Protein chains: 2
Amino acid sequence: MSAFSFNKLVIFGVGLIGGSLARALRERNGAMGRVIGVGRRAHSVARALELGVIDASATLDDEAALAAALEGADLVLLAAPVAQTQALLERIAPHLEPQTIVTDAGSTKGDVIAAARAALGARIGQFVPGHPIAGRESSGVEAALPDLYVGRNVVLCPLEENAPEAVERIAAMWRATGAVIGQMPAAQHDRVFASVSHLPHVLSFALVDQILATPDAELKFSFAAGGFRDFTRIAASSPEMWRDVCLANRPALLAELDAYTEVLAKLRAAIDAGDGDALETVFARSRAAREAWQERGGKRAGGAAAGVAPAVGNDAADAAPGK
Amino acid sequence: MSAFSFNKLVIFGVGLIGGSLARALRERNGAMGRVIGVGRRAHSVARALELGVIDASATLDDEAALAAALEGADLVLLAAPVAQTQALLERIAPHLEPQTIVTDAGSTKGDVIAAARAALGARIGQFVPGHPIAGRESSGVEAALPDLYVGRNVVLCPLEENAPEAVERIAAMWRATGAVIGQMPAAQHDRVFASVSHLPHVLSFALVDQILATPDAELKFSFAAGGFRDFTRIAASSPEMWRDVCLANRPALLAELDAYTEVLAKLRAAIDAGDGDALETVFARSRAAREAWQERGGKRAGGAAAGVAPAVGNDAADAAPGK
């Protein structure tokens with residue numbers, strides 16, 4: 001592919017996600033544009049500057065530096081926690097030039113879009129919502145890698161107000177990192193990730209918490225084995241992040257949780273009634289689907305249903321872009 | 001430790017669990033007793049005989065061979081699926097000599113004890129319920145290993161009717177395989193495993209099944225990543241086995257499922273109310289417990305609360321003894 005070129009990329013929140021984008025564009029793509037990192041305070045971008053991940057930095061404390069950072073920018077990435085989206089965009093808005101395209105890396109989209117509409121008003125067309133499905137156990141700019149996005153999915157959720165060229169420009173930026181680009185409406189995005197990522201986290205936290213509430217918790221933990229270990233691995237995730245995700249994706253998550261509770265109620269009834277056939281039917285169907293998923297390496301078999309590019313990365317939908 | 005000696009061990013169901021016991025006693029312990037394998041049909045024990053795991057075989061089809069197998073036996077292990085327990089013990093009962101001690105390898109205990117009482121009546125004292133917490137992904141006698149039980153837990157659930165010597169004899173047999181022996185009442189055993197093994201399996205099957213029921217199932221699977229993979233690994237388990245376990249451990253499993261549903265309902269209410277503090281409290285408490293569990297390698301820190309030996313093995317409570 002030909003190199004992706006840009007003039008000035010401003011990254012708000014230079015951690016794993018933002019730092020890896022900067023490194024990918026320069027080290028993999030050879031792009032020569034300037035990368036400016038913006039943090040809440042000087043020390044939060046100092047390390048990125050030291051490591052050479054960014055060319056210059058600015059802080060939100062300093063209005064003049066913020067204005068200078070955004071001057072002449074063609075691209076802006078929001079890679080701070082999603083809860084900060086509206087406040088960040090309100091700070092950016094006064095300095096937002098007409099040619100600048102803003103995108104984000106939040107793991108929920110409905111709430112981010114609402115925040116962007118509130119902050120940008122009529123200029124919402126300049127905001128192209130995105131979600132790179134990539135992450136590692138570690139976080140922070142030290143963990144940033146030039147190849148973090150290779151083969152990973154980036155989902156874009158274009159708005160009606162977005163010019164096709166703006167969407168394509170953000171897609172091209174991510175493609176230059178080695179990512180595979182998919183598109184879907186924000187509501188579908190939020191439903192998909194509520195189902196395969198957010199709900200499992202809630203269920204896993206809930207199991208550990210339920211055991212803790214029982215008098216023989218210690219005994220139970222002492223006999224917990226491989227199934228428990230796998231099932232609860234995600235219960236070691238960040239409480240703050242998952243609190244935010246649960247609240248940010250509330251409607252979709254509640255819908256999935258309710259549907260799940262219904263499935264559980266049916267299984268409970270089958271167990272209570274001693275209905276082995278019903279249990280075996282569900283378990284067998286579930287196993288077949290899980291095995292089919294595993295066999296294709298967690299990928300879709302191909303095709304482009306719903307206009308989504310084939311998923312490739314399969315081990316990081318749960319990571320916290322922007323954290 | 002001094003070698004464990006026996007005269008004749010009869011194993012019903014020579015698969016991974018029974019075969020590994022036979023190999024451990026001979027290859028690790030150097031015991032010289034005879035091991036007889038009994039299967040439903042000749043071909044089911046033929047491979048064990050070929051591999052030298054057993055010295056002789058008998059089939060349930062052949063009453064005389066069954067009688068001969070049990071004649072002079074000091075030990076019997078039931079390692080067939082737990083649903084067969086009562087039928088097997090009814091076949092064994094006419095040939096059960098007073099010195100013979102019978103144990104089992106079932107992953108549930110309340111139902112096994114009820115089956116044993118029904119089949120053995122006044123001779124129930126000869127039956128010492130047990131559960132070796134060991135298994136591998138593979139099954140069958142080909143997968144049997146002499147060191148399968150090294151460092152693994154074997155839980156015994158002695159009955160009031162058991163002579164202490166009978167319990168100690170079974171404990172000594174398992175100890176000779178390298179296992180760590182724990183004891184707890186059957187009801188507690190079933191509660192513990194309902195909580196840390198059976199319930200997670202049901203929850204995992206349920207998640208995959210719920211996704212399958214939605215119109216965008218394929219899209220969801222295509223974006224499922226590491227959290228989903230770990231959470232649903234156990235949904236690839238045997239439908240037949242987990243059907244049986246759910247039914248066998250029905251009362252304990254229903255109690256755990258109800259308690260879990262209550263925790264979920266509370267989390268749902270917190271999400272619905274936007275109560276981030278409540279969510280974060282649960283998630284943080286859960287993470288701390290999960291991390292503490294991980295740090296001690298899935299082991300209890302020690303001590304002997306409830307008379308249970310420290311747990312050592314931590315990756316196979318979900319395996320299917322006897323399958």
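Given the structure is predicted, the values throughout are model-derived calculations rather than measurements.

This next bit is on the interface of chain A and chain B. Opposite the 92 residues of chain A that make contact, chain B presents 92 residues. The contact between chain A and chain B buries some 8700 Å² in all, and 67% of this surface belongs to carbon and sulfur atoms. Among the residues of chain A in contact with chain B, Phe 223, Phe 283 and Arg 290 of chain A are the three that bury the most area, contributing 9% of the side total. Remark: the boundary between chain A and chain B carries 12 salt bridges.

Applying the stated criterion to the full structure yields 38 salt bridges over all chains. In this structure, Arg 47 of chain A and Glu 50 of chain A form a salt bridge, with 2.5 Å as the shortest nitrogen-oxygen distance. Of the two residues, Arg 47 of chain A and Glu 50 of chain A are both situated in helix H2 (residues 42-50); the distance of three residues between them amounts to about one turn of the helix. Its relative accessible area of 33% is what places Arg 47 of chain A among the partly exposed residues. In this structure, Arg 233 of chain B engages Asp 230 of chain A in a salt bridge whose closest nitrogen and oxygen atoms are separated by 2.9 Å.

Residue and element names in this part refer to chain B. Within the secondary structure layout, Asn 29 lies in the loop between helix H1 (16-28) and strand S2 (34-39). Of the polar contacts made by the side chain of Asn 29, one reaches the backbone oxygen of Phe 4; its length is 2.7 Å. Each residue touching Asn 29, except ones within four places of it in the same chain, is listed here: Ala 3, Phe 4, Ala 24 and Ala 176.

Let us now look at the packing of aromatic side chains. Ring pairs (aromatic) are described by centroid distance and by the angle formed between their planes. Under the defined criterion, the tally for this structure stands at 13 aromatic pairs over all chains. Ring geometry for Phe 205 of chain A versus Phe 283 of chain B: centroids 4.2 Å apart, planes at 15 degrees, classification stacked. On the criterion of chain membership, the pair formed by Phe 205 of chain A in helix H7 (residues 186-212) and Phe 283 of chain B in helix H12 (residues 276-295) is interchain, its members lying in two chains. Among the residues examined, Phe 283 of chain B registers a relative accessible area of 0% and is labelled buried.

To continue, consider the packing of helix H12 (residues 276-295) of chain A against helix H7 (residues 186-212) of chain B. For the pair H12 of chain A and H7 of chain B, the least separation of the axes is 8 Å and the interaxial angle reads 75 degrees. Relative to H7 of chain B, the element H12 of chain A is oriented roughly perpendicular. Across the interface between the two elements, Val 282, Phe 283, Arg 285, Ser 286, Ala 289 and Arg 290 of chain A from H12 of chain A touch Val 202, Ser 204, Phe 205, Val 208, Asp 209 and Leu 212 of chain B from H7 of chain B. In terms of residue class, the contact of H12 of chain A with H7 of chain B is made up of seven nonpolar, two polar and three charged.

A few words now on the relation of the copies chain A and chain B. Each copy superposes on the other: chain A lies on chain B with an RMSD of 0.1 Å after a rotation of 180 degrees and an axial shift of 0.0 Å. Within this description, the copies of the chain are treated as partners about a two-fold rotation axis. It is Phe 231 of chain A whose C-alpha, among those of chain A, lies nearest the rotation axis, at 2.1 Å. Of the interface residues in chain A, 100% have counterparts in chain B that sit at the interface too, so the contact is made through matching surfaces.

Moving on, we come to the pairing of S2 of chain B. Residues and elements named next belong to chain B. Counted residue by residue, S2 has five buried out of six residues, so it is predominantly covered. Two strands pair when backbone bridges link them, and strand S1 (residues 8-12) and S2 are joined in this way by five bridges, in the parallel orientation. Looking at S2, one finds that Ile 11 is bridged to Gly 37. In this region the chain leaves S1, passes through H1 and returns to the parallel neighbour S2; the handedness of that crossover is right-handed. Handedness of the β-α-β unit built from S2, helix H2 (residues 42-50) and strand S3 (residues 56-59) comes out right-handed.

Residue and element names in this part refer to chain B. Strand order in the open sheet formed by six strands is S3-S2-S1-S4-S5-S6, with parallel pairing between adjacent strands. With partners counted over all chains shown, the strands left at the sheet margins are S3 and strand S6 (127-128), one partner each. Along the sheet, helix H4 (residues 85-92) contacts S1, strand S4 (75-78), strand S5 (101-104) and S6; its crossing angle with S4, the most-contacted strand, is approximately 155 degrees.

What follows concerns the nonpolar core. Within the largest apolar cluster, 143 residues are counted, with the highest numbers of intra-cluster contacts made by Phe 12 of chain A together with Phe 12 of chain B. Here Phe 12 of chain B is in contact with Val 38, Leu 60, Leu 66, Leu 70, Val 76, Leu 77, Leu 78, Ala 79, Ala 80, Leu 88 and Ile 92 of chain B, once residues within four sequence places are set aside. In this structure, Leu 77, Ala 134, Ala 171 and Ala 176 of chain B belong to the second largest nonpolar core, which totals 39 residues.

What counts and what doesn't
Within any chain, residue numbers begin from 1 and follow the written order of that chain's sequence. Chains carry letters from A onward and ligands carry numbers from 1 onward, assigned in written order. Where totals are concerned, whole chains, interfaces and linings use all residues; where local detail is concerned, this predicted model gives features only for residues with pLDDT of at least 70, and gives and counts side-chain atom pairs only at 80 or more. Side-chain metrics in this entry use all non-hydrogen atoms of the structure; hydrogen atoms and water are not considered. Any pair of residues with heavy atoms lying within 4.5 Å of one another is described as a contacting pair. Two parts placed together each lose some accessible area under a 1.4 Å probe, and the buried area is that loss summed for both. Salt bridge, as used here, is a side-chain nitrogen of Lys or Arg placed within 4 Å of a carboxyl oxygen of Asp or Glu. Comment: elements are numbered from the N terminus, with helices defined as DSSP H or I runs of at least four residues and strands as E runs of at least two. The rule is simple: take the accessible area with a 1.4 Å probe, protein chains only, and divide by the maximum for that residue type; under 20% is buried, over 50% is exposed, in between is partly exposed. Polar contact is the term for a pair of N or O atoms within 3.5 Å; when the atoms are in protein, one must be able to donate a hydrogen and the other to accept it, and sequence-neighboring residues count only if both atoms are side-chain atoms. Only centres within 6.5 Å qualify two rings of Phe, Tyr or Trp (six-membered ring in Trp) as a pair; their planes then separate them into stacked at under 30 degrees, edge-to-face at over 60, and tilted for everything else. As a rule, the C-alpha atoms of each element are fitted with a line to give its axis, helices using only the stretch in contact, and angles between N-to-C directions run from 0 to 180 degrees. In this scheme, roughly parallel covers angles under 35 degrees and roughly antiparallel covers those over 145, while 65 to 115 is roughly perpendicular and the rest are oblique. Only Asp, Glu, Lys and Arg are considered charged in this grouping, and only Ala, Val, Leu, Ile, Met, Phe, Trp, Tyr, Cys and Pro are considered nonpolar; every other residue, Gly among them, is considered polar. Superposing copies: least-squares fit, C-alpha atoms only, residues required to have pLDDT of at least 70 in both. For two strands to be treated as a pair, DSSP must find at least two bridges joining them. With its strands directed away from the observer, a crossover is right-handed exactly when the path from the first strand over the helix to the second travels clockwise. The term nonpolar core refers to a set of buried residues drawn from Ala, Val, Leu, Ile, Met, Phe, Trp, Tyr and Cys, joined through side-chain atoms within 4.5 Å.

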